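# Topology and contacts: notes
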Amino acid sequence: METINTPYDDTFRTLLQDCPELVVPLINELFGTNYTGREVVVSNENEIFLRNPEGKKEKRVTDSNLTLISLKGISKRYHLECQSTADGTMEIRMWEYDAQIALRNKEYRDGVLYVKFPDSAVIYLRSNSNTPDELKICVCIGQKELFYEIPILKVKNYTLEEIFEKELWMLIPFYIFRYEKEFRIINGDEKRLRSLRMEYENVAARLDQECQSGRMKPITGGALCELANNVVEKLASKYDNVEKEVTEVMGGKVLNYRSKEIFREAMEKGLEEGRLEGRLEGSNQKTVELVTKKYQKGDSVSKIAEDLLMSVEEVEEILGKMTVSQ
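Residues numbered from 1 in each chain as written. Predicted model: local features only at pLDDT ≥ 70, side-chain atom pairs only at ≥ 80, totals over all residues. Heavy atoms only, no water.

Counting across every chain of the model gives zero disulfides. Looking at Cys-138, it has no disulfide partner, and the nearest cysteine sulfur is the one in Cys-140, 3.9 Å off. (Disulfide = S-S within 2.5 Å.)

Below is the structure:
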């Protein structure tokens, strides 16, 4: 049985695909890292296959399987899952996903199999006082016990001020979840509706400020507005007034962001990526540059693969296609 996707999973994955820079502050918040935002974010294959007790192969799709590569070429692999509601299966799913990711990057040294698990975390869109701060898994080997802890980020715990202060802009489309339990009351209360609208007008205004200051790309601002609309349309579909107040504000901003400036930026990006399209098959250009630069310095294919957390086959493919294109 394949993993069932939700609109919220799709929103999370869309942000990772179209605005990968947004995940860097989120990783800093989850793992206490201090990435600068200048790192290369590489999306790795997110489909894994497992055999169930009957021996049938089942497909699982992770929300993210990514690698951050610093300007010095230091790589680190991360796995994040976006979950709308706790269902009692997250520990099992995270273990399955992480074990498969680790096995894909296995290494034999002196007759020993080495597997390195990614740094993993779960983003909960809904939470309550009983929601833990981390998932815990205990691996028992003989008399030894290895505890495997996975941090949880609870979206509802973050105020608008904290989201902008910490640049956790990736949480903006899911901000409406903090009002979910109040939808019925808000929907029939003009004062509460005005307050909700004003809050989203504040969100839109602050996104404008981030874009004007250069801290955020206009296209990213537009994507956040559009995806915020998608989430509220799904979450508040039974509450017409709530949906209307938010989508009028954020929908209007989407139209504003689709200006000539954004069109020009998109065209420039398309032209730049188009030069490599086809012969690089979607490989991240910065990753390609790092691979070729290391190769030109005399690094072996296996060393490049180890440094950049890639497979030997992936490195050979990039080098082969770059050679053909020259």
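This is not the end of the story, as more comes after the structure.
Another aspect to go through is the packing of helix 1 (residues 7-18) against helix 7 (residues 218-235). Look at helix 1 against helix 7: their axes get within 10 Å of each other, and the N-to-C directions meet at 175°. In terms of orientation, helix 1 and helix 7 fall into the roughly antiparallel class. Judged by residue contacts, Pro-7, Tyr-8, Thr-11, Thr-14 and Leu-15 of helix 1 engage Leu-224, Leu-227, Val-231, Lys-234 and Leu-235 from helix 7. Here the contact of helix 1 with helix 7 is built from residues that sort into seven nonpolar, two polar and one charged. (Axes fitted to C-alpha atoms, helices over the stretch in contact; angles between N-to-C directions. Helix = DSSP H or I, 4+ residues; strand = E, 2+ residues; numbered from the N terminus. Parallel < 35°, antiparallel > 145°, perpendicular 65-115°, else oblique. Contact = heavy atoms within 4.5 Å. Nonpolar A, V, L, I, M, F, W, Y, C, P; charged D, E, K, R; others polar.)

All right, on to a nonpolar patch on the surface then. On the surface, a nonpolar cluster with roughly 380 Å² of combined accessible area is contributed by Leu-103, Tyr-108, Leu-113 and Val-115. Its place among the elements puts Leu-103 in helix 3 (residues 90-104). Residue Leu-103 is classed as partly exposed on the basis of its relative accessible area of 38%. (Patch = residues over 30% accessible without salt bridge, like charges linked within 9 Å, V, L, I, M, F, W, Y side chains within 5 Å. Areas by Shrake-Rupley, 256 points an atom, 1.4 Å probe, with all protein chains shown as cover. Salt bridge = Lys/Arg side-chain N within 4 Å of Asp/Glu carboxyl O. Buried < 20%, exposed > 50% of the residue type's maximum accessible area, 1.4 Å probe, protein only.)

Counting buried residues along strand 8 (residues 119-124), five of its six residues qualify, which places the element largely inside the surrounding structure. Bridge analysis of strand 5 (residues 75-83) against strand 8 gives six bridges, and the strand direction is parallel. Residue pairing in the sheet places Cys-82 in a bridge with Ile-123 of strand 8. Relative to strand 10 (residues 144-154), strand 8 runs parallel, the two being bridged by three bridges. Across the sheet, residue Ile-123 finds its bridge partner in strand 10, namely Leu-153. (Pairing = 2+ DSSP bridges.)

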